[in-house]
Amino acid sequence: MTQFWHRRICEATMFVSGFLILLYFLAYFYGPGTVGVGLLISSNSVILSGVAFILSVISYLWAPKKFMVSTSLAIYTLLAATTANLIASSTGLSSPFVALWILIGIFAGIFGLYGLVPMFIASSAYLFLEATSENIGQNTVIITVVAGYLPLMASFIIWHSKKNRQDSKDRAYNDLASELSQVASKSEVVINAIADGVIAVDTQGIIQLINPAAQSIIGWGKQDAMSLNYKSVLKLSDTSGKELVTANDPIQEVLSTNQDVRKNNLSLETNSGKKLLISIVVSPVGHAGAGAIIVFRDITKEKAEEREMSEFISTASHEMRTPVASIEGYLGLVLNPAVVQIDVKTRDFVTKAHESAQHLGRLFQDLLDVSRAEDGRLSNNPKVVDVIQFTHTIVEGLRTQAEAKKLSLIFKPQP
């Protein structure tokens, strides 16, 4: 029994009872002729109607869920008893209230056997009483079957099939709920097992989920962080140490634009006051402004290792440039006719060695430039390069190796 059908039964009882009470008072004040002999209401019937009306009104306005079925059955029983009394106290099976009995019988199946069995017994009792009084005839049997038994059969078919469909829906719902529960459990296990911090916020930025890794990184417990605004827990700042504003806050940006945001240059202040460098990825959930998932990790150690590597490369490049510059200088002196006199073949070899030394010096300079670029100390100043001349320099540097391997190295630039 659902609240929908409980209310419909109460409404139907209020309407029928109210109509019967109205008929009674019309005949009482204006005479029986105003309603007709077939619609005269007895005193017992109007008392039952009054009780049914009051109970249905009370139950409609206030009925605890645990008493809903019993209350509905009581109201239905009163309505059926009222109708039976009307039929018995009026013209019997020729009474117009037989139609009301048929309608009530169709809804008996909504209560299952509690509604079908009493209605069946009532119809059978009436048929038995007619048989014992020797007033039974063919018409009486036919009307009793049509008005008493056929509505019950129809009611059983209608409500039994409806109950089966409802049971099928309930099973499907329970299966779906069980499957969703399993998926939710698996998702929770996965989220809790992730080494990165995961925080979910709603459209107002209120924290709805925080995994153990996030709790460990920021130093906030789950019970303390839940239902707080993320800004109270994730105290983010830029590289200069300034607190983020709406314009450069990645979480606010995602809530506004519904687009993923990734940043590797933010600092996080933990609950203990420790500063951490973090990599953060913020992804939207659903439509714009519906919420966001924040995934972050501590990259302080990685950044420290990168700085150490950059410093090593910078120091090594500086140290190696000194002997390379020395080699380049001495080879330049050898190529100077005013200093040394050498034959043509030797000059060619020394020239190539001098160019290789210069190339090696440029490589070390490139390493320094890469190190500065990673640290943000190198400005970008693009310039036009003659590709033919640049390629020719590379080819000439490889020509000695090609000749040693007896390979023909041909450089033929297009005009």
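You'll find the structure just up there.
Described in the following lines is the structure provided in the data block. Everything quoted here is computed from the prediction, not taken from an experiment. Once a new chain begins, its residue numbering starts again from 1 and follows that chain's sequence as written. Two thresholds apply to this predicted model, a pLDDT of at least 70 for residue-level local features and 80 or more for giving and counting side-chain atom pairs, whereas whole-chain, interface and lining totals are computed over all residues. Just so you know, side-chain values use all the structure's heavy atoms and leave hydrogens and water out.

## Quick notes on the overall build of the protein chain
- Numbered from the N terminus, helices here are DSSP runs of H or I no shorter than four residues, and strands are runs of E no shorter than two. Each helix and strand in the protein chain was counted, giving 13 helices and six strands.
- Buried residues are those whose accessible area, probed at 1.4 Å on protein chains only, stays under 20% of the maximum for their type, while exposed residues exceed 50% and partly exposed ones sit between those limits. When each of the 415 residues of the protein chain is scored for burial, the buried share is 29%.
- Partitioning the intrachain contacts of the protein chain with sequence separation of at least 6 by distance along the chain shows that 52% fall at a separation of at least 24.
- Only the protein chains shown count as cover for residues, and all accessible areas are computed by the Shrake-Rupley method using a 1.4 Å probe. Surface exposure of the protein chain reaches about 26300 Å², of which carbon and sulfur atoms provide 62%. Any two residues whose heavy atoms approach within 4.5 Å are treated as being in contact.

## Remarks on the packing of aromatic side chains
- Centres within 6.5 Å are what make two rings of Phe, Tyr or Trp a pair, Trp counting through its six-membered ring; a difference in plane orientation under 30 degrees is then read as stacked, over 60 as edge-to-face, and the rest as tilted. Considering all chains together, one arrives at two aromatic pairs under this definition.
- Ring plane angle 85 degrees and centroid distance 5.4 Å describe the contact between Tyr24 and Phe25, whose orientation is recorded as edge-to-face.
- Of the residues examined, Phe25 reaches a relative accessible area of 38% and is grouped as partly exposed.
- Both rings, one in Phe25 and one in Phe29, keep their centres 6.0 Å apart while their planes meet at 20 degrees; by these two values the pair is stacked. Of the two residues, Phe25 and Phe29 both sit in helix H1 (residues 3-30), four residues apart, roughly one turn of that helix.
- Through a chain of ring-to-ring contacts, three or more aromatic side chains come together here, namely Tyr24, Phe25 and Phe29.
- Remark: a charge is flagged as sitting over a ring if the NZ atom of Lys or the CZ atom of Arg is within 6 Å of the ring centre and within 35 degrees of the ring normal. Residue placement shows Arg7 over the ring face of Tyr60; its charged tip is 4.6 Å from the ring centre.

## Focus: unusual backbone geometry
- At Ser227, a position not held by glycine, the phi torsion is positive, near 70 degrees.
- You can see Ser227 is positioned in the loop between helix H8 (222-225) and helix H9 (230-233).
- On the accessibility criterion, Ser227 (57% relative accessible area) is exposed.
- Located in the positive-phi region is Asn258, a residue other than glycine, with phi close to 60 degrees.
- Within the fold, Asn258 resides in the loop between helix H10 (250-257) and strand S4 (261-269).

## Regarding the environment of Phe107
- Counting through the fold element by element, Phe107 comes out in the loop between helix H4 (98-106) and helix H5 (113-132).
- Sequence separation between Phe107 and Tyr76 is 31 residues; the distance between their C-alpha atoms is 9.1 Å.
- Ignoring sequence-local partners within four residues, the contact set of Phe107 consists of Trp5, Tyr76, Ser155 and Trp159.

## Description of the nonpolar core
- Core analysis: the biggest nonpolar cluster contains 29 residues, and Leu20, Ile41, Tyr76, Phe97, Ile104, Ala108 and Met119 have the highest contact counts within it.
- Mapped onto this core, the elements with two or more residues apiece are H1, helix H3 (68-89), H4, H5 and helix H6 (138-193).
- Sort the elements by how many residues they give to this core and H1 lands first, with seven residues.
- Ignoring sequence-local partners within four residues, the contact set of Ala108 consists of Tyr76, Gly115, Leu116, Met119, Leu152 and Ser155.
- Formed by 27 residues, the second largest nonpolar core is a distinct cluster that contains Ile199, Ala214, Val233 and Val261. Among buried residues, those of type Ala, Val, Leu, Ile, Met, Phe, Trp, Tyr and Cys that are joined through side-chain atoms within 4.5 Å constitute a nonpolar core.

## Some thoughts on helix H11 (residues 300-334)
- Expected span, for any helix, means 1.5 Å times one less than how many residues it has. Relative to the 51 Å expected for 35 residues at 1.5 Å per residue, H11 spans 51 Å between its end C-alpha atoms, a close match to the ideal helical length.
- Along H11, the positions that sit buried rather than exposed are Ser310, Ser314, Ser317, Val324 and Leu331.

## Notes on the pattern of salt bridges
- Any carboxyl oxygen of Asp or Glu within 4 Å of a side-chain nitrogen of Lys or Arg constitutes a salt bridge here. Per the stated rule, a full pass over the model turns up four salt bridges.
- The salt bridge partner of Arg297 is Glu302, with a shortest N-O separation of 2.7 Å.
- Across the pair Arg399 and Glu396 runs a salt bridge, and its minimum N-O distance is 3.1 Å. Highlighted residues: Arg399 and Glu396, both in helix H13 (residues 387-404), separated by three residues, approximately one helical turn.

## A few points about the packing of helix H2 (residues 43-61) against H3
- At their nearest, the axes of H2 and H3 sit 9 Å apart, and the two run at 160 degrees to each other. Here H2 is positioned roughly antiparallel relative to H3, judged by the angle of their axes. Both H2 and H3 take part in a crossing whose hand is left-handed. Facing H2, whose interface residues are Asn44, Ser45, Leu48, Ser49, Val51, Ala52, Leu55, Ser56 and Ser59, H3 presents Thr71, Ala74, Ile75, Leu78, Ala81, Thr82, Asn85, Leu86 and Ser89. In this analysis, axes come from line fits to C-alpha atoms, helices being fitted only over the stretch in contact, and the angle between any two N-to-C directions falls in the range 0 to 180 degrees. In what follows, roughly perpendicular refers to angles from 65 to 115 degrees, roughly parallel to angles under 35, roughly antiparallel to angles over 145, and oblique to any angle outside these ranges. In this scheme the crossing of two helices becomes right-handed for a clockwise turn of the near helix relative to the far one and left-handed for an anticlockwise turn of less than a right angle.

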